[in-house]
Number of protein chains: 2
Amino acid sequence: MHDKINIAVDAMGGDNAPKEIIKGCVAALIENADINLLITGDKEKIEAELSAYSYPQDRVQIIPTTEVIETAEPPVNAIKKKKDSSLVVGMKLVKENKADAFVSAGSTGAILAGGQAFVGRIKGIKRAPLAPLIPTAKGVSLLIDCGANVDARPDHLVQFAKIGSIYMENVIGIKNPRVAIVNIGAEEEKGNALTKETYPLLKECDDINFIGNIEARDIPSGGADVIVCEAFTGNVILKLYEGVATTLIGVIKEGLLSTTRSKIGAGLAKPALKETLKKFDASTYGGAPLLGLTGLVVKTHGSATEKEVKTSILQCVTFKKQNINEKILESITKESDQGGA
Amino acid sequence: MHDKINIAVDAMGGDNAPKEIIKGCVAALIENADINLLITGDKEKIEAELSAYSYPQDRVQIIPTTEVIETAEPPVNAIKKKKDSSLVVGMKLVKENKADAFVSAGSTGAILAGGQAFVGRIKGIKRAPLAPLIPTAKGVSLLIDCGANVDARPDHLVQFAKIGSIYMENVIGIKNPRVAIVNIGAEEEKGNALTKETYPLLKECDDINFIGNIEARDIPSGGADVIVCEAFTGNVILKLYEGVATTLIGVIKEGLLSTTRSKIGAGLAKPALKETLKKFDASTYGGAPLLGLTGLVVKTHGSATEKEVKTSILQCVTFKKQNINEKILESITKESDQGGA
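Caption draft 1: Representation of the overall build of chain A. Scanning chain A for helices and strands turns up 11 helices and 11 strands. Relative to the compact-globule value of 20 Å for 341 residues, chain A shows a C-alpha radius of gyration of 21 Å, a close match. By principal-axis analysis of the C-alpha atoms, chain A measures approximately 65 × 60 × 35 Å. Here chain A holds 341 residues, and the buried ones make up 59% of them. Looking at chain A alone, contacts between residues at least 24 apart form 71% of all its contacts between residues at least 6 apart. Total accessible area on chain A is roughly 13,900 Å²; 50% of this is exposed by carbon and sulfur atoms. Taken together, the 41 basic and 42 acidic charged side chains of chain A have centroids lying 3 Å from each other.

Below, the structure is given as structure tokens:
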């Protein structure tokens, strides 16, 4: 398996496991010849799913596990108890350098807790942020942090800004990404204690393109490429984004189906509408990376299907090829050399 | 002017002043015989606008002012300097008991600062929250607090919950409103330092229907009637709500107009769609009340037109008739009698 990128995949996590996960694995293997997959989970079930496809068998290894962490389980308990789960075993493959990255559609809480506990942080990284991509009118923005550790300090947010900037530039391909901090007004002196302390620190960073505060109103229109915030705020933004979009599309559907005339109109408009709404969907870029770890961990949606699983696997390839972790380490080392935050 | 409800209205605030403000005043006067209006602003302009309508002139008094606070001005400075502005004079009418309430579409910052400085809080109220209504799939929810004072304490949030509950029950007419606190998970032990401390205090309140945590995802579907949060979070929710809705509707419009076929479809669907989207609009309920003050202050949208100005004025009538401030005072007094938060 020399020179190949080894990616561990959790076959048992998510609503569509293992069927869609395996489908996504096969699609990724066919699309990219540089990867080996280490698939963790129920051996028999994985083999049964794989048997439906023809694929390069020499690039697939099944790592049999006997347990599955459910979404509803308290995450810290779950990762402690279920040592032979597809999720824990996958993370340990990264820890032991047997895999460069790990992809899972399983419990977000368990992935966050496991990432810190089993994979471990890059030296100098104070917190590992979860950084999903969110759709905007212009493409996507990185929302960093949406993790489990709330009440962050200003120096955490500065690291998030740097890490996020490296990721957007090198993995998503946005040159000199605009970095902004979520705040309740545009002026520097606005905000809560955290944003007021963080703003001047970000202004001093010469390795990021800091554009100042961003109000939540300007996030969906694509007002910044890297949206820096504390995890509580990030969580609210991420979930509200989803909630408003779902409710609004529901309301619009109801309107379109409310009269005979509108039903006919909806039928005519549907193909074009579907095409445009596709653009407003970040899952085509892959899953949410848990950054700042010694390996990459990617959390895909619990509802992920073949395509998102595939793009999440390919996202790990770009991450590895672009030496993101080396770039993060370099940025953090430079920071401590300067005696910075 | 005995037994009538006196409402001061800022004729100069907002994008559509004074035209739409005066239109809204006239509509309110005609719809409700119990109100007197005290309109603050440029006397000549107000008279010119009023002259276009026939209305009960004995129920209107113009309070001439010479200054206008602009939205872009730093609010605290503005209210200190512009003592003869339509906004400051209107607030002082409430302070001096010449008006029961004040309605303005002007600078939110100046209204928040002025409300605390000129009108003053009800005895026992620690902070005056701004509580806009947001549209949901089920109707509307009250988002409390979206004000300017961030970094709230748990005892502030407990007061917001009580005040919000009284408002939703008596002004909006939702019996036994479900009160929830915004958090990053459903479980009691989830969250940041603030929510973890606040949750048990809310659970102990026997005068509200506390249903626990609400995740931001469940706000748009109408998961709670009173959404309690600290102002930074409230501000993010309010502005993101608007941002996602605007961007998404933009994306959908673009889709509907992208092909000839979809354009025809859009034309057919438009009337029904418009009707349904109207439901997803909280402005039909009036403006955002600044609560906990000795009088009511209502902030309407900067873009408010006749209808929202009218409903905002009528909202003040309900507020007064339902003795909301007496109910708030009672609830707070009870709280301190019990030695509560």
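Caption draft 2: Quick look at the sheet that holds strand β2 (residues 35–41) of chain A. Residue and element names in this part refer to chain A. Judged by pairing direction, the sheet is mixed, and its 6 strands sit side by side in the order β3-β2-β1-β4-β11-β10 without closing on themselves. Only two strands of the sheet have a single partner each, and these edge strands are β3 (60–64) and β10 (288–290). With strand direction ignored, the average angle separating the axes of adjacent strands in the sheet is 25 degrees. Looking at chain direction, strand β1 (residues 5–10) and strand β4 (residues 101–104) are connected through 3 bridges and run parallel. Of the residues in β4, the one forming a bridge with V9 is V103. Relative to β1, helix α10 (residues 306–321) is tilted by about 145 degrees, and along the sheet it contacts β1, β2, β4, β10 and β11 (296–299).

Caption draft 3: Local environment of the relation of the copies chain A and chain B. Each copy superposes on the other: chain A lies on chain B with an RMSD of 0.0 Å after a rotation of 180 degrees and an axial shift of 0.0 Å. One copy is carried onto the other by what is essentially a two-fold rotation axis. For chain A, the minimum C-alpha distance to the rotation axis belongs to G265 of chain A and amounts to 1.7 Å. By residue overlap, the copies meet face to face through one surface: 100% of the interface positions of chain A are interface positions in chain B.

Caption draft 4: Expanded view of the environment of G222 of chain B. Note on placement: G222 of chain B falls in the loop between β8 (209–214) and β9 (226–228). Among all residues touching G222 of chain B, those that are not within four sequence positions of it are T136, K138 and R178 of chain B.

Caption draft 5: Inspection of the environment of N77 of chain A at higher detail. Residue and element names in this part refer to chain A. In this fold, N77 is placed in helix α3 (residues 75–81). Using a relative accessible area of 45% as the deciding quantity, one classes N77 as partly exposed. Counting along the chain gives 253 residues from N77 to E330, while the straight-line C-alpha distance between them is 35 Å.

Caption draft 6: Inspection of the packing of aromatic side chains at higher detail. What the rule picks out here adds up to 4 aromatic pairs over all chains. Both rings, one in Y199 of chain A and one in F210 of chain A, keep their centres 5.1 Å apart while their planes meet at 75 degrees; by these two values the pair is edge-to-face. Of the two residues, Y199 of chain A sits in helix α7 (residues 193–204) while F210 of chain A sits in strand β8 (residues 209–214), which places them 11 residues apart along the sequence. Between Y167 of chain B and F319 of chain B, the aromatic rings sit 6.1 Å apart at their centres with planes inclined by 45 degrees, giving tilted as the arrangement. Of the two residues, Y167 of chain B sits in helix α6 (residues 154–172) while F319 of chain B sits in helix α10 (residues 306–321), which places them 152 residues apart along the sequence. Note on accessibility: Y167 of chain B and F319 of chain B belong to one class, buried.

Caption draft 7: How the structure looks around the interface of chain A and chain B. Contact residues are listed per partner, giving 53 residues for chain A and 53 residues for chain B. Roughly 4,700 Å² is buried in total at the junction of chain A and chain B, and carbon and sulfur atoms are behind 75% of that figure. Between chain A and chain B we count 4 salt bridges in total. Taken together, the connections running from chain A to chain B amount to 12 residue pairs in polar contact (both at pLDDT 80 or more). Of all the secondary-structure elements, those providing two or more residues to the side of chain A that touches chain B are α7, α8 (231–256) and α9 (260–279) of chain A. Per-element accounting of the side of chain A that touches chain B gives the leading share, 20 residues, to α8 of chain A.

Caption draft 8: Quick peek at unusual backbone geometry. Residue and element names in this part refer to chain A. Geometrically, the link from A17 to P18 is a cis peptide bond, its omega value of -5 degrees lying close to zero. With respect to the helices, strands and loops of the structure, P18 is situated in the loop between β1 and α1 (19–31). Located in the positive-phi region is N323, a residue other than glycine, with phi close to 50 degrees. Mapped onto the elements of the fold, N323 is located in the loop between α10 and α11 (324–337).

The rules behind these values
- Residues numbered from 1 in each chain as written.
- Chains lettered and ligands numbered in written order.
- Predicted model: local features only at pLDDT ≥ 70, side-chain atom pairs only at ≥ 80, totals over all residues.
- Heavy atoms only, no water.
- Helix = DSSP H or I, 4+ residues; strand = E, 2+ residues; numbered from the N terminus.
- Rg over C-alpha atoms; globule rule 2.2 N^0.38 Å.
- Buried < 20%, exposed > 50% of the residue type's maximum accessible area, 1.4 Å probe, protein only.
- Contact = heavy atoms within 4.5 Å.
- Areas by Shrake-Rupley, 256 points an atom, 1.4 Å probe, with all protein chains shown as cover.
- Lys, Arg positive; Asp, Glu negative; His and termini not counted.
- Charge placed at Lys NZ, Arg CZ, Asp CG, Glu CD.
- Pairing = 2+ DSSP bridges.
- Axes fitted to C-alpha atoms, helices over the stretch in contact; angles between N-to-C directions.
- Least-squares fit on C-alpha atoms with pLDDT ≥ 70 in both.
- Phe/Tyr/Trp six-rings, centres within 6.5 Å; stacked < 30°, edge-to-face > 60°.
- Buried area = accessible area lost by both parts, 1.4 Å probe.
- Salt bridge = Lys/Arg side-chain N within 4 Å of Asp/Glu carboxyl O.
- Polar contact = N/O pair within 3.5 Å; in protein donor to acceptor, adjacent residues only side chain to side chain.

It is worth stressing that arrangement in space is one thing and function is another; only the former is reported here.
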